[in-house]
Amino acid sequence: MYRPSSRKARVLRCALAASAFVAAGTSHAQVTLKPDGEWRYLFTAAANATSGNSSSAALNLQFDGARVTSGDKWTFTSQVQTARNNGTRTTERYLAGTQYNRDISGAIFGFGSGDFLRDELANLDLRSTFAGGLGYHVFQSERHTFDVTGGLAYTQDNYANPAVIDGQTRTSYGRLELVMGEESNHKLTDTATFQQKLTFYPNLRDSGQKRAVFDAKVSVAMTKSLNLTAGLSMRYNSDPGLGLKSTDTALVTGVSWRFD
């Protein structure tokens, strides 16, 4: 375990721990969801650097957007995560995704989504997932919303290096999946918000395989446009390939700027 030797490194690590504690008590800022048909955006940045007996650096950037009306919602997100330790790359992950929801009748809505992931350290040159189906607004209020969704998805993995998947050596792997998910947004106080989303992808090509994606985000407003944030992101794959772990987890604290 790395123990920072410099006073500057200790101060920086304490500040980051303090920001995580404050944000966790109230995950990562979310775009303002207001049903007026206007686009709203959010930019989040987090960085960490240490030097001394060991050197490390990490950077996390995320850009989100949302447009909501009384009958539909369109959201998108993009993220870059990089980290190095003693000159060795330990994280380099790029994510992007979009989802469109359209109310059909009552609390029922239809959805379509696209998600993309590049993570060479996990041997993923590109993972593309396209999904569609139906959802249900379990409840909706000014302060809280909760939706459940279900449908079908097609995922195509292209590997940086050939991998043994489903008992065969492959350079790519495409499959049809079920998609089941739930998502909620909460306004905890006038200054604190919380958002979480869990999506489960059972593999229809091989019933023994499955994936899951979980993201939780918390924000505490410092000013009208500036927020202290923390976020947890988890990606699970039951068959990632030989020598690779099935779960990737990232916990990030930082600040967000809201463009309303």
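Procedures and definitions
Residues numbered from 1 in each chain as written. Predicted model: local features only at pLDDT ≥ 70, side-chain atom pairs only at ≥ 80, totals over all residues. Heavy atoms only, no water. Phe/Tyr/Trp six-rings, centres within 6.5 Å; stacked < 30°, edge-to-face > 60°. Helix = DSSP H or I, 4+ residues; strand = E, 2+ residues; numbered from the N terminus. Buried < 20%, exposed > 50% of the residue type's maximum accessible area, 1.4 Å probe, protein only. 1 Å grid on protein atoms, 1.4 Å probe; cavity = no way out; pocket = protein on both sides within 12 Å on 5 of 7 lines; lining within 4 Å. Points joined across faces, edges and corners; volume = space filled by probe spheres on them. Nonpolar A, V, L, I, M, F, W, Y, C, P; charged D, E, K, R; others polar. Pairing = 2+ DSSP bridges.

Whenever I open this one, the packing of aromatic side chains confuses me. Can you help?
Working definition: an aromatic ring pair is given by the centre-to-centre distance plus the angle between the planes. For the coordinates displayed, the defined rule picks out nine aromatic pairs. Between the aromatic rings of Trp-39 and Phe-76, the centroid separation amounts to 5.9 Å while the plane-to-plane angle is 45°, which identifies the pairing as tilted. With Trp-39 in strand β1 (residues 39-50) and Phe-76 in strand β3 (residues 72-85), this residue pair connects regions lying 37 residues apart in the sequence. The class for Phe-76 is partly exposed, based on a relative accessible area of 26%. Both rings, one in Phe-116 and one in Phe-130, keep their centres 5.6 Å apart while their planes meet at 80°; by these two values the pair is edge-to-face.

How should empty space enclosed by the protein be read in this particular structure?
Empty space among the atoms becomes apparent when a probe as large as a water molecule is rolled across them. Taken as a whole, the largest cavity spans an internal volume of roughly 50 Å³. For the largest cavity, the full set of lining residues is Gln-81, Arg-93, Leu-95, Ser-233, Arg-235, Asp-248, Thr-249 and Ala-250. Of all the elements in the fold, those that place two or more residues in the lining of the largest cavity are β4 (88-105), β11 (226-237) and β12 (247-259). Element by element, the count of residues in the lining of the largest cavity is highest for β12, at three residues. Looking at the lining of the largest cavity residue by residue, the class counts come to two nonpolar, three polar and three charged.

What's the story with the pairing of β4 in this structure? I'm lost.
Working note: regular strand, side chains alternate between the two faces of the sheet. Alignment of β3 against β4, held across 14 bridges, turns out to be antiparallel. Its bridge partner being in β4, Val-80 is matched across the sheet by Tyr-94. Where β4 and strand β5 (residues 108-119) come together, 12 bridges link them in antiparallel fashion. If you follow Gln-99 over to β5, its bridge partner there is Ser-113.

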